[in-house]
Every structure is written in structure tokens, then in C-alpha cells.
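So the chains spell out like this:
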Amino acid sequence: MRNINYKYLTLFLLVGSFFSSCFNDLNTVPIDDDEFVSEVVFKDPASYKQVLGKLYAGLAVSGQQGPAGRPDIGGIDEGFSTYLRQYFKAQELPTDEAVIAWNDGNLQDYTRHNWDANNEFVAAMYNRIFYQISLCNEYLRETTDAKMAERATPAATQTEVKTFRAEARFLRALSYYHALDFFRNVPFVTENDIVGNFFPTQTNANDLFNYIESELKAIDAELVAPRANEYGRADQAAAWTLLAKLYLNAEVYTGVKKYTEAAEYCQKVISAGFELEPDYNHLFMTDNNTSKEIIFPVNFDGVRTKTWGGMTFIVHAAVGGSMSPAEFGIDGGWGGMRTTKAIVEKFPAVGGSTLFAKANGRTGLALLNIPGGYQGWDPTNTKTALASVNNDKKYEGYIYLADANSEFKFAVGGWDENYGDTGADGTLEPGGDNIKVANAGYYRAFVDLNAKTYSLTPAQWGIIGDATPGGWDADENMTYNAEEGVWQIQVVLKKGDFKFRLNDGWDVNLGDDGKDGLLEGNGANITIPSAGNYLIKLYAGAPDYTFSVVRTSFDRRASFYTAGQELEIDDISQFTNGYAVTKYKNVSSTGAVGSNLTFPDTDFPMFRLADVYLMHAEALLRGNGSKTAALQSINKVRERAYTDVSGNIAEPALTLDFILDERARELLWECHRRTDLVRFGKFTGGDYIWPWKGGVKNGVSTAAYKNVFPIPSSDIGSNPTLKQNEGYN
């Protein structure tokens, strides 16, 4: 932190009715260099809550008016400098979860793992953290019992301020946690340090860890009970969640394992009355403030919280290419962020529930109708017809006869040209006798009008392939659905290929050469991209054979936009390289657009219950706790993702690698990924490589010291007591 004159930190911003769920536009009290502004601010007892609002606002906005013009921090574009925007970039861009098309300053250093102590974005995160800490410190200085007594603050207000102070200490602990996570060894000041010019002393990771832990425990009794505070304000559960995160990462920060403690505090949150939101998507919409899952949000409002950072950045930067901004409730996309295939491939299903839809089929094929008692003797009904693919008077297809002793004939366009079988010898005669079939069932029919012959063969369809339970050695028989007129099967498939096969033999097999839903004899294998439960239907009617494949159970968290987007990222600067992420929207769960098309109403869910469940499972697994309890926590999250138990895993599948992947699926773009990868030993080094890690398309190993960011050179230069983090000298 720079050599700061704390006198000027007595400036506070009055934010009006923030706790009605949003911030008002920020206005400052005029600065007089010879007057302590706090003496003016706190003349009104209501100001204690209003100034507390500024502390919360520090996570969302960038200055003293919205969206720009009077910044908190100079030397950087105000839109860039907001806490959440910088936090998002530092947590996401150096990981497999996000790339960004822009070349602003040295922003791409994040992706390349090439940052140094002069990186302006690293410095912006650092400065924002310590600006926030400074505001919290000053609030605590100005809200002591002695200060309030001097101002003759009403007794009721003094009682209320005790809770406000606990919240300020929580916010300070949150920022110090971010400082610990990003920088480890940082300057350290509290409200007990003198106000004036001095060089803050540098702490170390162990001491800072202990301080954060002690603060969060000390304020527990003074915070409001879980879910009892006004929306957007911290309660006991927010502090417990932060403690759980601190303990889960303790081994990284201090070398001491604290997994038992992490599991304990996760359980406290789990038992506190929060509930998983039934619809995952609702967590990232404008009315997510109604969710019982969110433990601690960063609040935004399109009218009263105007900023070019925060959710404005997260929503707009994710929209580009052929995406419709209107679907996201915004006035235009910025064409910035996408994700890598490393993340896409962690989802068992991408692109919704339908892999293949029934095709319309070709037109112009010659048809041979099959009028009979089973369809009302209608010679013009083409739904019960055979087709000649080559227009050579050779027709084939399928007919279902529900009753025994059914009768029918073949007809070309009507009764004028019809054929029957006089003598029942397999030859056709114009106007011949009705063809009679003794047994009900489904038949393959082949007719050659050149030779005047026909054949009927009982038919049973199945699927076969390495995607099916029997592999390429045995068919999975399908069932004929007479009401719909299709063969169908519901089956659990593996990632792999399959084909349709008739009567357990290769004489008649169907594949899809064009991947267009139309089937061809001896056609290409049909690919199933991921394991899951599927409903497969075969439409073997004229004029073409077609099919559909629908996932009946799939992970609904796979929120990717793929139209016009390439999975591979050949050029980071091109928005269409990489799948877009459609997670955040300025639209409500009822479809209503936010109050402002530029500045979203959507709150950012910094802490939520699903994250706690996943931390709980990880802490138990790492700490040799109950695997049964860990499995229950994991499967609660997955049941919401799949809307049923079909996505649940069994104990053998519960590994640390699975949990890391599950965190990516559940918490994509929620500012956890860098911390997670560091904790799992996969952020740097070569154990886990993703596209563009280290600035190379296919990814490369990066140096271990990059697990920690450098202290900005500007602070090193202004404070001679500071030592740079290892690797950055």
C-alpha cells in the first residue's frame, strides 16, 4: 500500500437507501483540507448506516458518481478499476475458464501467465483491495464508543452500530482474505494504526491467516443470525462461509491442514436454513435477490448502481458474434470473454437435450402406397408407403399390421394402377387378389415392379455400437410404438458410436453420412458425445428414414452458446473462437428485462450454498472424514443440475479430481477457479494443461511462483520496508 495520508480517508460517500436492495448513485460531501469530514458526516445518526453502505458499495462501484467521472482510485480507467471487475479478471483469465479478446494494456499477461510487478491489472486489484481495507479501518475508527459519546449519538443507534462494526470487520476480513489469496505477504494496517504518513509494516501469510481467522471468530456473536439481515448485508453465515474458505486453503497459505475446521464451518452454513435454488439459471438473473441459496451477494441495480465494471462488464463482455443482446436484456455485446474447450469437455452434455432431431426428409421420391384394412383402404395415403430411392421402380420400406390376417394391396397414386397377389405365390398381378398376412407385426417390404415380385420379412430393429451396453457384439432391441409409429429405446449410453441394425444382422444397417438426421444404408456411425440416459427413436417411414436422439438426463449447467462459435481457439482476439458462456443475464426468471439495458440489475453471488456443499465434500475427503456425508453433499448439487438422481455418483467416483471438475461445472465464472486450481496443485506446472495456458495454443507448463501475484512495483518503490514475493525480483 502506498504511503497514505489517512486524513483524506475520512471522506465517506453517502449512499442513501442501499439496503432496500440496491445502491443509490453516490454523492460526496465537499472536501475541506482543513476540516475532518467525518465530523460533518456523522452529525446525522442515520449516516452510520449510510456510510456502512459505502463499504458494501466498494465491492461494486468505482467512485463517487455513476458510472464514471469521480473515481476512488486514479491512474487507471475507472471502468477497469472496480473491485468485482478486477477480481473476476484475476480469478478467471489466468485459468481454463476464460479468455478475453481484448488487448487493453497488459491484460493478456493473465492468460499467458506472464504478469510481473508492473502489470497494471494486478496493481488495480491490489489497490482496490487496500482502498477497501482503508475505508473499513476508517469506519471502525469513527464508530467507537468514545466517538459516538462525543457526538451524543442516541443509545438506540449506538446499539445498532455494534452490528454495523461487525459487518465492517467482515468486509475488511474479506478483502484481507483476497490479499492473502492473491499476494500472501502484504502491508498490514488496522483501525488501531495512527492516522498520518507512515510506512505500513509487511505481514506474512501465517500471521495474516491468523488475523483473518481471529477477526471472523470475534465478530460471530455481533453479526445477525443467518438469513436475518437485510438482503445484501453480511450475517453469521457469510462469516462462516469465509472461515470455511480460509480453512480449506490453509494448507496452501500456511502449510497447516485445517480440513476438519473447514468441514465444521461448512456444516454450520448447511444447517443454517439456506436452500438450493430449484432452477440453477435463476441464480444469475435480475431477480436472484429472491433466492434462498445466496449467502452473500454483491448488489447491483441498473438505475442506482451504474458502473462500467461489475455485472455490466460480466454480462456485456460475454455477448458477441451471432448472439442476440436482446436475449440477455442488454443494448449490445462487447465481444470479449469466452471459455476454453477444457471446460466444455467437463460437461457430459453441451447444446441442450436434443442431439439429433427428426429430419423432414427428401422430396420428389417415387412412392408406392399400401392401401389396406389397417389404414382404411386409402390408396392416396403416403404415410403408409414404400419409396424408390433411385426412381427405378424398386421400392422398399416398412409396414405395421396390428391385426392377424390383415389384407392390403400395392397402388401407384390411386386405384388406377394397383397390384395384388393372385395365388399367394409372391408375384404381383395388376388388379390381383388382396395380399393376406396371417400374423400381426412389423414387416420389411420390398417390391420390384419391373419383375412384379415382392417380399415381406418380419422386422425387429435394434441399436449396436461401442456406445451401447452390449458394445459391437450384441444389439439392444428397440420397441415399436404403434401410436406414434416409431421404434424407440430408452437406454444409458457411453461416449462412443452406434448404428441401427435390422434383425440382429448386418444385411440391413443404417447410419448417418451427413450428420443431418437422415439415415443411409451402411451409413456412417452416429456419435454420442458423452455418457447419459438417452431416448432414441427410429422413423422408418417414407420417403426417408430418419431418427432422433434426446438426452432425458443431462447437466443443465452447461450454459454455452455454440452457433457460429468454434470450440478450438486459434486466435484469442476473435470472439467466435471458443464457446460463449450464457450464464449471466439482465433478464428475470419471468422473462422481464432489467430496468436499464446498459447497467444490469443482476446481483453477483459471491457466496452461495452449492459452493458450501462442494467445499464440505472436499474438506471431508481431504480430511479423511465421512465419505458418505461427502457423497451426499456432492449429489445434492448434482440432483439440482440433472433435476433428478440420474446424475448422482457412487462412492468410487468421488475423488479430488472429480470434485475439482464439479466445481468448474457448478461455479463457472463465479471467481473461484484460480484459487481452486492453486489448491489442487494444477494452476501452474505441467500436471494440468489447458488451451493458451502460458500463451501457447495447446498450453504449456508455467512456473510455480506464479501461484502468487507480485506486490506492485509502485508500492515496492514507495515503501522501502516491503519485500517482493519470490520469483518477481
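If you're wondering where the values come from, they're calculated on a predicted model, not measured in any experiment.

The rules behind the values
- Residues numbered from 1 in each chain as written.
- Predicted model: local features only at pLDDT ≥ 70, side-chain atom pairs only at ≥ 80, totals over all residues.
- Heavy atoms only, no water.
- Helix = DSSP H or I, 4+ residues; strand = E, 2+ residues; numbered from the N terminus.
- Buried < 20%, exposed > 50% of the residue type's maximum accessible area, 1.4 Å probe, protein only.
- Contact = heavy atoms within 4.5 Å.
- Areas by Shrake-Rupley, 256 points an atom, 1.4 Å probe, with all protein chains shown as cover.
- Lys, Arg positive; Asp, Glu negative; His and termini not counted.
- Charge placed at Lys NZ, Arg CZ, Asp CG, Glu CD.
- Pairing = 2+ DSSP bridges.
- Axes fitted to C-alpha atoms, helices over the stretch in contact; angles between N-to-C directions.
- Polar contact = N/O pair within 3.5 Å; in protein donor to acceptor, adjacent residues only side chain to side chain.
- Salt bridge = Lys/Arg side-chain N within 4 Å of Asp/Glu carboxyl O.
- Phe/Tyr/Trp six-rings, centres within 6.5 Å; stacked < 30°, edge-to-face > 60°.
- Lys NZ or Arg CZ within 6 Å of the ring centre and 35° of its normal.
- 1 Å grid on protein atoms, 1.4 Å probe; cavity = no way out; pocket = protein on both sides within 12 Å on 5 of 7 lines; lining within 4 Å.
- Points joined across faces, edges and corners; volume = space filled by probe spheres on them.
- Nonpolar A, V, L, I, M, F, W, Y, C, P; charged D, E, K, R; others polar.
- Core = buried A, V, L, I, M, F, W, Y, C linked by side-chain atoms within 4.5 Å.
- pLDDT = per-residue confidence, 0-100.

Across its full length, the chain carries 18 helices and 31 strands. The buried share among the 729 residues of the chain stands at 58%. A separation of at least 24 residues holds for 67% of the contacts in the chain among residues at least 6 apart in sequence. When the accessible surface of the chain is split by element, carbon and sulfur atoms take 47% of a total near 27,300 Å². Computing the positive centroid from 67 side-chain charges and the negative centroid from 92, the chain places the two 4 Å apart.

Here 5 strands make up an open sheet; going across it, the order is β8-β28-β27-β22-β21 and the pairing antiparallel. At either margin of the open sheet sits one strand with a lone partner, and together these are β8 (354-356) and β21 (479-481). The sheet shows a mean angle of 30° between the axes of neighbouring strands, direction not considered. Bridge count for strand β22 (residues 486-493) against strand β27 (residues 532-539) is 7 bridges, and the pairing is antiparallel. The partner of Q488 across the bridge, within β27, is K537.

It is worth spelling out the side chain of R673 at this point. Position of R673 relative to the elements: it lies in helix α17 (residues 673-679). Only 2.8 Å separates the side chain of R673 from the side chain of D96, close enough to count as a polar contact. In contact with R673, not counting residues within four places along its chain, are Q91, E92, T95, D96, E97, I343, K346, L660, A664 and Y688.

Let's shift gears to the pattern of salt bridges. All chains considered together, the criterion is met by 40 salt bridges. Of the charged contacts, one joins K147 and E142 as a salt bridge, the two residues approaching to 3.9 Å between their closest N and O atoms. The class for K147 is partly exposed, based on a relative accessible area of 29%. Overlapping salt bridges bring together E293, D555, R557, K583, R608, R638, R640, E662, R665, E666 and E670 as one network.

Backbone geometry at A424 places phi at a positive 50°, although glycine is not the residue there. Taking the relative accessible area as the measure of exposure, A424 reaches 68% and is therefore exposed. Phi angles above zero are rare outside glycine, and W692 is one such case at about 75°. Take W692: it is sitting in the loop between α17 and α18 (713-718). Assessed through its relative accessible area of 14%, W692 is described here as buried.

Here the structure, examined in full by the defined rule, presents 48 aromatic pairs. Between Y110 and F709, the ring centres sit 5.9 Å apart and the planes meet at 65°, which makes this aromatic pair edge-to-face. With Y110 in helix α4 (residues 109-112) and F709 in the loop between α17 and α18, this pair connects stretches of sequence that are 599 residues apart. In this pair, the class of Y110 matches that of F709, namely buried. An aromatic cluster of three or more residues is present, and its members are Y87, Y110, W115, Y126, F130, Y176, F182, F183, F188, Y211, F683 and F709. Seen from the ring of Y539, K358 lies directly overhead, with NZ or CZ sitting 5.2 Å from the centre. Positioned above the aromatic ring of F683 is the side chain of R674, whose terminal nitrogen or guanidinium carbon lies 5.9 Å from the ring centre.

Moving on, we come to empty space enclosed by the protein. Tallied over the full model, the rule gives 5 cavities of 30 Å³ or more. Here the largest cavity is characterised by a volume of approximately 190 Å³. Contributing to the lining of the largest cavity are 21 residues, with Y87, Y177, K245, C671 and H672 lying nearest its centre. Mapped by element, the contributors of at least two residues to the lining of the largest cavity are α3 (83-92), α7 (155-183), α9 (236-248), β31 (604-608) and α17. Element by element, the count of residues in the lining of the largest cavity is highest for α7, at 5 residues. For the lining of the largest cavity, the class distribution of residues is 10 nonpolar, 5 polar and 6 charged. Lining the second largest cavity are I314, V315, A318, V319, F328, V581, T582, K583, Y584 and W669.

Within helix α12 (residues 310-317), 8 of the 8 residues are buried, which leaves it mostly tucked inside the rest of the structure. Those residues of α12 that fall on the buried side of the exposure criterion are G310, M311, T312, F313, I314, V315, H316 and A317. Lining the buried residues of α12 we find α3, β3 (99-100), β7 (337-338) and β31.

One finds F170, I212, F296 and F604 to be the most contacted residues of the largest nonpolar core, which totals 150 residues. Sequence-distant contacts of I212, defined by excluding residues within four places in its chain, comprise A173, Y176, Y177, L180 and L246. Residues Y442, W487, F498 and F500 belong to the second largest nonpolar core, which totals 27 residues.

Mapping N503 onto the fold places it in the loop between β23 (496-502) and β24 (509-511). By relative accessible area, which is 34% here, N503 ends up partly exposed. Along the chain, N503 and D475 lie 28 residues apart, while their C-alpha atoms are 9.0 Å from each other. The contacts of N503, once residues within four sequence positions are left out, are T457, P458, A459 and Q460. Separated by 3.0 Å, the side chain of N503 and the backbone oxygen of P458 make a polar contact.

We now examine the environment of L449. With respect to the element layout, L449 can be found in the loop between β17 (441-448) and β18 (453-458). Overall, the relative accessible area of 5% leaves L449 in the buried class. For the pair L449 and A173, spaced 276 residues apart in sequence, the C-alpha to C-alpha distance is 86 Å. Ignoring any residue separated from it by four or fewer positions in sequence, one finds L449 in contact with L368, K393, Y395, V412, Y419 and L428.

A few words on the confidence of the model for the chain. Per-residue confidence for the chain averages 91 on the pLDDT scale, and 91% of its residues sit at or above 70. Confidence drops under a pLDDT of 50 for residues 1-35, and excluding neighbours within four residues, the segment shows 117 contacts in the predicted structure.

Within the secondary structure, F356 sits in strand β8. C-alpha separation for the pair F356 and K515, spaced 159 residues apart in sequence, amounts to 8.4 Å. Residues contacting F356, with those up to four places away along its chain left out, are D512, I526, T527, F547, S548 and V549.

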